[in-house]
Amino acid sequence: MKLVFDVGGTAVKYGVSDEEGNFSFTDSVPTPKTDVKEFLKVTGDIFEKAVREYALDGLAFSFPGEVHSREGVIKGISAVEYLHHIPLKTILEERFGGLPVTMANDANCAAMGERWKGVAKEYQNVVFVICGTGIGGAVIERGMLDKGVTMNRGEFGNFPMGGFQDGALLSWSDYTLEKQAQKYNMKKQPKEAPVDGIRLELLSRKGDRLAEELMEEFYYWMAVGCITLEFAFDPELIALGGGISSNPGIIDRIRKKVVSLLDGQRQGYLMPRITACANGSRANLYGALYYHLYGETIELNGITEQNHCGLMLRKVIAH
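Residues numbered from 1 in each chain as written. Predicted model: local features only at pLDDT ≥ 70, side-chain atom pairs only at ≥ 80, totals over all residues. Heavy atoms only, no water.

Novice: Looking at this structure, how should I read the sheet that holds strand β4 (residues 58-63)?
Specialist: Remark on secondary structure: sheet strands pair via backbone hydrogen bonds, oriented parallel or antiparallel. Spatially, five strands are ordered β3-β2-β1-β4-β7 in an open sheet, and the strand pairing comes out mixed. What marks the edges here is a single partner per strand, and that holds for β3 (23-30) and β7 (101-105). Direction aside, neighbouring strands of the sheet carry axes that sit 15° apart on average. Relative to β4, strand β1 (residues 2-7) runs parallel, the two sharing five bridges. Looking at the pairing, F5 lines up with F61 of β4. The strands touched by helix α3 (residues 106-117) within the sheet are β4 and β7, with β7 carrying the most contacts at an inclination of about 95°. Packing of helix α8 (residues 283-294) onto the sheet brings it into contact with β1, β2 (11-17), β3, β4 and β7, and relative to β1 it is tilted by some 130°. (Pairing = 2+ DSSP bridges. Helix = DSSP H or I, 4+ residues; strand = E, 2+ residues; numbered from the N terminus. Axes fitted to C-alpha atoms, helices over the stretch in contact; angles between N-to-C directions. Contact = heavy atoms within 4.5 Å.)

Novice: Quick question: what am I supposed to make of the packing of helix α5 (residues 197-205) against helix α6 (residues 209-233) here?
Specialist: The description of two packed helices rests on the angle between their axes and on the distance between the axes. For the pair α5 and α6, interaxial distance at closest approach is 8 Å and the crossing angle is 115°. Comparing their axes, α6 and α5 come out roughly perpendicular. Crossing angle aside, the handedness with which α5 passes α6 is left-handed. Of the residues in α6, those in contact with L200, E201, L203 and S204 of α5 are A211, E212, L214, M215 and Y219. (Parallel < 35°, antiparallel > 145°, perpendicular 65-115°, else oblique. Left-handed = near helix turned anticlockwise from the far one by under 90°.)

Novice: Which parts of the structure should I look at to understand the sheet that holds strand β8 (residues 126-131)?
Specialist: With mixed pairing, the five strands of this open sheet are ordered in space as β10-β9-β8-β13-β14. The open sheet is flanked by β10 (144-145) and β14 (274-276), the only strands paired with a single partner. As paired elements, strand β13 (residues 237-242) and β14 share three bridges and run parallel to each other. Each residue of the ladder has a partner; that of A239, found in β14, is T275.

Novice: Even after reading the chapter, I still don't get the pairing of strand β12 (residues 168-171), so can you show me in this structure?
Specialist: Consecutive residues of a regular strand have side chains that alternate between opposite faces of the sheet. For strand β11 (residues 160-165) and β12, the ladder comprises three bridges, and the chain directions are antiparallel. In the sheet register, F164 faces β12, and the bridge partner there is L169. Here β11 hands over to β12 after two residues, with D166 in that stretch at a positive phi of 55°.

Novice: Hey, could you run me through helix α1 (residues 36-53) in this one?
Specialist: Since one α-helical turn is 3.6 residues long, residues separated by three or four positions face the same way. The end-to-end C-alpha distance of α1 is 26 Å, a good match for the 26 Å that 18 residues give at a rise of 1.5 Å each. Residues of α1 that are buried: V36, F39, L40, T43, G44, I46, F47 and A50. Residues of α1 that are buried make contact with β1, β2, β3, β4 and α2 (88-95). (Expected span 1.5 Å × (residues − 1). Buried < 20%, exposed > 50% of the residue type's maximum accessible area, 1.4 Å probe, protein only.)

Novice: Teacher, can you tell me more about the pattern of salt bridges here?
Specialist: Where charged atoms from two side chains of opposite charge approach closely, those side chains can pair. Under the criterion given, the structure shown has 13 salt bridges. A salt bridge links D146 to R153; its shortest N-O distance comes to 3.2 Å. D146 gets classed as buried once you look at its relative accessible area, which sits at 14%. In this structure R153 comes out as partly exposed when scored by relative accessible area, which is 26%. K183 is paired through a salt bridge with E217; the nearest N and O atoms lie 3.6 Å apart. Of the two residues, K183 sits in helix α4 (residues 177-187) while E217 sits in helix α6, which places them 34 residues apart along the sequence. Judged by its relative accessible area of 28%, E217 falls in the partly exposed class. A network of salt bridges, in which partner residues are shared, links E141, D146 and R153. (Salt bridge = Lys/Arg side-chain N within 4 Å of Asp/Glu carboxyl O.)

Listed below in structure tokens is the structure:
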């Protein structure tokens, strides 16, 4: 049995699973905010409870950021900065009694989870857009999970969008549902209890003018991003994951915004096929487990390994 963690900027989800992806012991805790010591305390407590009930033989982690799986290091770009630039894999293995530990990028885990047990099972060319506090992503081409030369392929949240503001270059990640909720909380007068992305969308449907404006901005940039990805990758499918994947109304509005932007335009001949990821918050757990089970046979680490690992990925996923 494997203990699987999905570490996000807000919460750490976890569960124990067999090799078929049958999970039990699932729950979540707030992501530790201070340092590695607190992180090890929180995950260690979960481990101690799990190991009393299950015969664990390994741990799998999904992490945000530039995750170098083989080195066992996160080299930046995540909401959990205290995990950056340390020998994280070694530290975790020492904490968990020498059991083997694997770690992979969260968006790549979402892609692997959906390719294994979700919306992308029948497709060879899929682009994933994972919407959380920021935007993550992953690309499967010809059945291969291609992470790029620097492990940054699929970091769509860095797409420049909206120009400069106060000297900073805005990006797609500046327009996520959670970021729009943060803008609402800053602008709303008189000040009220803070809202999250779910509440913001609900307020927009109830006629709150500021919420409507912020949601319209969200839909616009989501549509622009999807159109950009369509021309960049020409995929069979663009799969939207993260919190928005459980809200059919939001997915439908994104589709409609894409259609309205392309209607009558010369780019309109290539219409993105957009769908929601099927596994919701569990996709990262599935993907982290999948990576743990098949390891380097599905990890692309630079262009020199692309052909070999791509063939292996196709064989493994077919299984």
